[in-house]
Amino acid sequence: MSKPVIGFIGLGLMGGNMVENLQKRGYDLIVMDLNKDAVDACVARGAKAATTGKALAADADIVMLCLTTSNIVEKVIYAEDGVLAGMKEGSVLIDFGTSIPASTRKIGADLAAKGIGMIDAPLGRTPAHAKDGLLNIMAAGDIDTFNKVKPVLEDQGENVFHLGALGAGHTTKLINNFMGMTTVCAMSQAFAVADRAGVDRQQLFDIMSTGPSSSPFMQFCKNYAVDNVSDLGFSIANANKDLGYFLQMVEDLGTESKIAEGSSANLQAAFDAGMGDGNVPEIFDYFLKLSK
């Protein structure tokens, strides 16, 4: 059986490596991105380039998006020359980004009206894992649609989960990132408060890491706060965006999260202080300088 033709929009660190992995596995790719160099790198390996979402979608069996925000996803899909205008009946859209679940379900309904399937499939792990096809993929959507694209997802992920109805993937990813980023904010501030109080940061880590607070996130925070090594690979800007999406989701569910509001406020303040490009544990520097 021949492999499906894949249209891929969004060639950042994650998306570009995902495309390279798919090309190594023998898929035909049509790609699109505002970054010409990223497009050229894919074309040099045999991909075709498209200049509009409509043209890309018209020639693809599966359209994959790896974009940064829900607003951008909606613009790419709903533009006059966008993806929705070009996708054919029976094709499938996969959104690998981190999006607002309500937006995902709206898009899915509009696609379904044209006989097009959709899977939301946010990602875990790093661009290096993407290059080797070893991502964690939190997929959701109609089970028949999921099974249709599962072989392709398994070429991209070491662990591919089906989490239920459309939107459950993005919901799970936002909950995961709320937990992770709140943990990093709390631990980074713990190191900053220790420093202000005259407690040695290494000693604090030695004590805390012997108890139930020990975690990979603590190690990431220690690596920066104690060793000045920034190695989490997830920016304050992205964390800030995801916490904002989590709060929007919580509001849509008719409840609230004071914990998330606190984490979001700290991330926004660090972002406003010009730290958006730094990895999340670098928020330690913001907490270290924070004054009442």
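Here we summarise the structure given alongside this text. (Residues numbered from 1 in each chain as written. Predicted model: local features only at pLDDT ≥ 70, side-chain atom pairs only at ≥ 80, totals over all residues. Heavy atoms only, no water.)

1. Remarks on the nonpolar core
Consideration 1: One finds Phe-191, Phe-246, Leu-267, Val-280 and Ile-283 to be the most contacted residues of the largest nonpolar core, which totals 34 residues.
Consideration 2: Contributing elements (two or more residues each) for this core: helix 9 (168-196), helix 10 (201-208), helix 11 (216-225), helix 12 (236-252), helix 13 (258-275) and helix 14 (283-289).
Consideration 3: It is helix 9 that contributes the most residues to this core, 9 residues altogether.
Consideration 4: Filtering out sequence-adjacent residues up to four positions away, Phe-246 remains in contact with Leu-174, Ile-175, Phe-178, Ser-257 and Ala-260. (Core = buried A, V, L, I, M, F, W, Y, C linked by side-chain atoms within 4.5 Å. Buried < 20%, exposed > 50% of the residue type's maximum accessible area, 1.4 Å probe, protein only. Helix = DSSP H or I, 4+ residues; strand = E, 2+ residues; numbered from the N terminus. Contact = heavy atoms within 4.5 Å.)

2. Thoughts on the packing of aromatic side chains
Consideration 1: One pass over the full model with this rule turns up 4 aromatic pairs.
Consideration 2: Arranged with centres 6.5 Å apart and planes meeting at 55 degrees, the rings of Phe-217 and Phe-220 form a pair that is tilted. Here Phe-217 pairs with Phe-220, and both are found in helix 11, just 3 residues apart, close to one helical turn.
Consideration 3: On the accessibility criterion, Phe-217 (27% relative accessible area) is partly exposed.
Consideration 4: For the pair Tyr-224 and Phe-284, a centre-to-centre distance of 6.4 Å together with 75 degrees between the ring planes defines the contact as edge-to-face. You can see Tyr-224 sitting in helix 11 and its partner Phe-284 sitting in helix 14, a full 60 residues away along the chain.
Consideration 5: Here the basic side chain of Lys-3 rests over the ring of Tyr-27, its NZ or CZ set 4.5 Å away from the ring centre. (Phe/Tyr/Trp six-rings, centres within 6.5 Å; stacked < 30°, edge-to-face > 60°. Lys NZ or Arg CZ within 6 Å of the ring centre and 35° of its normal.)

3. Section: the sheet that holds strand 3 (residues 48-49)
Consideration 1: If you trace the 6 strands from one edge of the open sheet to the other, you get 3-2-1-4-5-6, paired in parallel fashion. The open sheet is flanked by strand 3 and strand 6 (117-120), the only strands paired with a single partner.
Consideration 2: Judged from the 4 bridges that link them, strand 5 (residues 92-95) and strand 6 form a sheet pairing that is parallel. Residue pairing in the sheet places Val-92 in a bridge with Gly-117 of strand 6.
Consideration 3: Lying over the sheet, helix 1 (residues 13-24) contacts strand 1 (6-9), strand 2 (29-32) and strand 4 (62-65), oriented at roughly 160 degrees with respect to strand 1.
Consideration 4: Of the strands in this sheet, strand 5 and strand 6 touch helix 6 (residues 101-112), which is tilted by about 160 degrees from strand 6. (Pairing = 2+ DSSP bridges. Axes fitted to C-alpha atoms, helices over the stretch in contact; angles between N-to-C directions.)

4. Some points on the sheet that holds strand 9 (residues 157-162)
Consideration 1: With respect to topology, 3 strands assemble into an open sheet ordered 7-8-9, the strand pairing being mixed. The sheet is open, and its two borders are formed by strand 7 (123-124) and strand 9, each paired with just one other strand.
Consideration 2: Sitting on the sheet, helix 8 (residues 143-156) is in contact with strand 8 (135-139) and strand 9, with an inclination near 165 degrees to strand 9.

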